[in-house]
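Structural description and commentary
Single-letter residue listing:
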Amino acid sequence: MIKTKCVSISKGEKSALNEDAVIARKNVIAVSDGAGGGGLFADRWSHYLLKHLPTSPIGSAEGLDNWIGSIWENYYNRAEESAKRLGGMELDKFYDEGSFATLAAVWYQPTNSICYWIAYGDSVVFHYDYDTKELRHSFTALADFDRPPYLINCKDELNPAGFRSGDFAMTSTSFVFVTSDAFAHYVLMMYELSKSETYRSELREASAANSKNGNILKRASALFGINFERDVIEKLRKGVYDESRFAKWVRALCGKGLLAFDDCSAAVMYEVRG
């Protein structure tokens, strides 16, 4: 039996706007990070994308673009009405820029026990194997979190270069999860630091950046005795079932300078034996 669960907290107090959306359905997990740095209604767009996410895997950049093409108009018309009520520069902004969000999704197929995934932008799909202790992911490299992400726009065609996809076998030792960018950076950073000899060049490149993420990595590099499974995977596995526990952990990491101050969302998927 496949179990799924999700959690999402805003970067501020409970009343603060959370631009992330996250779902955990029977055989599907997904996260969409509304990008509020441009356009309008990023939170609405991220939630809209996940609400209409198909039940079957999307297999290509063309498939993703076709799906967006089949759902965008209803969203756009409603958002346009809201923008008209705001008027002036806000309406111009919506017409010029639209709404932006990322997407990372996993579909589990029980017929062959395969997870099919897609990612567009800097939300990330992860697969951790409790047996091999290996973490696989949909992203490129740690340093790339400093680069502007590809974003899904409600009014423009996708850039195929931003599309990534793949699959992996789901086993009894698999722990599959998706997260928005700030938490994804933390996860990948901690994994690579726990295997610093293997990832020496990638860590060096990311640390050399004069950026927020580069400074986070420098602080994390001073940690000793990182046990990735204990310190990250197990805390996430428990945290998705207790929002206050997850929030406490996330805010403690922010306070230590190990995690960027941002909305944080995650959805997990794993197999439960009989």
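First things first, this report covers the structure right here in the doc. Computed from a predicted structure; not experimentally measured. (Residues numbered from 1 in each chain as written. Predicted model: local features only at pLDDT ≥ 70, side-chain atom pairs only at ≥ 80, totals over all residues. Heavy atoms only, no water.)

1. Remarks on the packing of aromatic side chains
According to the stated counting rule, one finds 22 aromatic pairs in the structure shown. A centroid spacing of 4.8 Å and a plane angle of 20 degrees characterise the contact between Phe126 and Phe177, whose relative ring orientation is stacked. In this pair, Phe126 sits in strand 7 (residues 124-129) while Phe177 sits in strand 11 (residues 174-179), placing the two residues 51 residues apart along the sequence. In this structure, Phe126 and Phe177 share a single accessibility class: buried. Aromatic side chains Phe246 and Trp249 sit 6.2 Å apart centroid to centroid with 75 degrees between the ring planes, which places their arrangement in the edge-to-face category. Placement of the pair is Phe246 and Trp249 together in helix 8 (residues 243-255), with a separation of three residues, close to one helical turn. The side chain of Arg44 reaches across the aromatic face of Phe41, ending 4.2 Å from its centre. (Phe/Tyr/Trp six-rings, centres within 6.5 Å; stacked < 30°, edge-to-face > 60°. Helix = DSSP H or I, 4+ residues; strand = E, 2+ residues; numbered from the N terminus. Buried < 20%, exposed > 50% of the residue type's maximum accessible area, 1.4 Å probe, protein only. Lys NZ or Arg CZ within 6 Å of the ring centre and 35° of its normal.)

2. Notes on the sheet that holds strand 2 (residues 20-24)
Ordered by their spatial adjacency, five strands build an open sheet running 2-3-5-6-10, and the pairing between neighbours is antiparallel. Edge strands, defined here as strands with exactly one partner in the open sheet, are strand 2 and strand 10 (163-169). On average, adjacent strands in this sheet sit at an angle of 10 degrees to one another, irrespective of strand direction. Two strands pair when backbone bridges link them, and strand 5 (residues 103-109) and strand 6 (residues 114-120) are joined in this way by seven bridges, in the antiparallel orientation. Bridge pairing links Ala104 to Ala119 in strand 6. Across the sheet, helix 1 (residues 42-51) is in contact with strand 2, strand 3 (28-33) and strand 5; its angle to strand 2 comes to roughly 20 degrees. (Pairing = 2+ DSSP bridges. Axes fitted to C-alpha atoms, helices over the stretch in contact; angles between N-to-C directions. Contact = heavy atoms within 4.5 Å.)

3. Structural notes on unusual backbone geometry
A negative phi holds for most residues other than glycine; trans holds for most peptide bonds. A positive phi angle, near 60 degrees, is found at Phe41, a position not held by glycine. Residue position: Phe41 is located in the loop between strand 3 and helix 1. Its relative accessible area of 14% is what places Phe41 among the buried residues. The phi dihedral of Lys133 falls on the positive side, at around 65 degrees, and the residue is not glycine. By the element assignment, Lys133 lies in the loop between strand 7 and strand 8 (135-137). For Lys133, a relative accessible area of 36% corresponds to the partly exposed category.

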